[in-house]
Amino acid sequence: MFLNKFNPSDQKALSDFAQYFCDEYGDLDAPEEWGIDEGDDWAYPYSVMRTLADVCGGDIHAASRAASDIYDFNRFAGVYVAGSRYWVKESNSNDVIFKFKNNKGVDCEIKATGTGGNSSVSADDVTVIVPKKVVVTVKEGATIHAHITVESSINEGNHTAYVKVDATVANVHSVSNLDITDNLLTMTQDVELSGSLLIKGKASVTGSNMCNRSVVESFIRDEDYDKLLNLMHQANGEVNVLGRLQIKANAVEFKKVGDILDRYYDYYYYNSVENAEAACKRDVELLKGFVSAGIYYNSDVKQADLSFEPVYDSWGSSDWSWEWYINPVIVFSSDGTSYSFEDSLLNNYENLWR
């Protein structure tokens, strides 16, 4: 059913357009007026087109990220055209506009418009000014390939923030909402294809000081990610595919989970295969207690559970050419059979887009 929703020709015009842009204009540096160091590979129009190309390549959630690079209109506003090495400022504007030609010489533009006042945040003597509403459009002649609206606000005094993204890219429509307070982070996302709902997701994290800048910023500055993870207490998530298949998940003890996932069970950390195996198996059991997920049919019929298993791998004949590692698996309720993500699901999912 999922496969039958997709028709590659629906995204072909945008895919070809994005590919031409990346080939023809992708090497241009950001405008000199922006003051970005020469040699940086970041340039706003290229970032947008690359993201749109990702949508055409199957990353249907990428549409929500396509406007994320516009963060300071006072710095970026203007009309820009393609030069030999840089995007060159042609004239002033309250908007951020990039003009170029397609492979047939038709006028095209990427345009970002900010409205609704601004939110500003200062750090390290830099003030970032974000319009509360940003609308990004990508046009090829009279054709609008993408229309993306980002609404956001941050209130440092009240420790609250939100971001809402409504993006239409070709025939993919995605709406996502992120709300943050000190004690609760929630996110929802719906993805439609040609008006048909494909995926509906929601997630929440409970914790403390998650929107307290003075706390979070100090941990990031000190690169103390253990303390950052300790701010998060519990997470719940659910994804609904086509209204038929659901994945429901829960996680606790983020710091401990992070520690386990960072561990290696090999010659460099253990003096024997047996000791590495014992440590890996111990951590597998811990993970099972910290992370759980189930796959359901029509919400109430559980079909499978997420689990973890220790796996041994070796190569060559030297003393150090071995390791144990933790592998996530799906265990089906009907007969107890299990399938690893590596061997089955991820490969099949990737093949869907090839």
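Structure first, text after, so check above.
Cut-offs applied
- Residues numbered from 1 in each chain as written.
- Predicted model: local features only at pLDDT ≥ 70, side-chain atom pairs only at ≥ 80, totals over all residues.
- Heavy atoms only, no water.
- Buried < 20%, exposed > 50% of the residue type's maximum accessible area, 1.4 Å probe, protein only.
- Helix = DSSP H or I, 4+ residues; strand = E, 2+ residues; numbered from the N terminus.
- Arc of directions from axis to C-beta.
- Phe/Tyr/Trp six-rings, centres within 6.5 Å; stacked < 30°, edge-to-face > 60°.
- Core = buried A, V, L, I, M, F, W, Y, C linked by side-chain atoms within 4.5 Å.
- Salt bridge = Lys/Arg side-chain N within 4 Å of Asp/Glu carboxyl O.
- Patch = residues over 30% accessible without salt bridge, like charges linked within 9 Å, V, L, I, M, F, W, Y side chains within 5 Å.
- Areas by Shrake-Rupley, 256 points an atom, 1.4 Å probe, with all protein chains shown as cover.

Undergrad: Looking at this structure, how should I read helix α6 (residues 254–261)?
TA: The α-helix winds at 3.6 residues per turn, so residues separated by three or four positions along the chain end up facing the same way. Along α6, the residues that are buried comprise Phe-254, Val-257, Gly-258 and Ile-260. The buried residues of α6 occupy an angular sector of 160 degrees when the element is viewed end-on, so they sit on one face.

Undergrad: Looking at this structure, I do not really get the packing of aromatic side chains. What am I missing?
TA: What describes a pair of aromatic rings is the distance from one ring centre to the other and the angle between the planes of the rings. According to the stated counting rule, one finds 14 aromatic pairs in the structure shown. Both rings, one in Tyr-267 and one in Tyr-268, keep their centres 6.0 Å apart while their planes meet at 80 degrees; by these two values the pair is edge-to-face. Residue Tyr-267 is classed as partly exposed on the basis of its relative accessible area, which comes to 39%. Since its relative accessible area comes to 64%, Tyr-268 is described here as exposed. An angle of 80 degrees between the planes, with centres 5.8 Å apart, marks the rings of Phe-332 and Tyr-339 as edge-to-face. Ring-pair connections join several aromatic residues into one group, and the members of that group are Phe-17, Tyr-20, Phe-21, Tyr-25, Tyr-80, Trp-87, Phe-98 and Phe-100.

Undergrad: Explain the nonpolar core here, please?
TA: What tends to happen in soluble globular proteins is that the nonpolar side chains get buried as a cluster. Residues Met-49, Leu-52, Trp-87, Phe-100, Ile-110, Val-138 and Ile-148 are the most contacted members of the largest nonpolar core, which totals 31 residues. Those elements giving two or more residues to this core turn out to be α1 (9–25), α2 (44–56), α3 (73–76), β3 (96–101), β4 (107–123), β5 (126–140), β6 (143–155) and β7 (160–169). Ranked by residue count, the leading element in this core is α1, at six residues. The next biggest cluster of nonpolar side chains, apart from the first, holds 15 residues, and it includes Val-257, Val-284, Val-291 and Phe-308.

Undergrad: How should I be thinking about the pattern of salt bridges in this particular structure?
TA: When their charged atoms lie close together, side chains carrying opposite charge are able to pair. Scanning all chains against the criterion turns up 15 salt bridges. Asp-16 is paired through a salt bridge with Lys-12; the nearest N and O atoms lie 2.7 Å apart. Separated by four residues within a single helix, Asp-16 and Lys-12 lie in helix α1, roughly one turn from each other. On the basis of relative accessible area, Asp-16 is assigned to the partly exposed category, the value being 41%.

Undergrad: Looking at this model, I keep getting lost on a nonpolar patch on the surface. Mind explaining?
TA: A cluster of nonpolar side chains, Tyr-264, Tyr-267, Tyr-268, Tyr-269, Trp-315 and Trp-320, forms an exposed patch at the surface whose accessible area comes to about 780 Å². As for its placement among the helices and strands, Tyr-268 is situated in the loop between β13 (265–266) and α7 (273–290).

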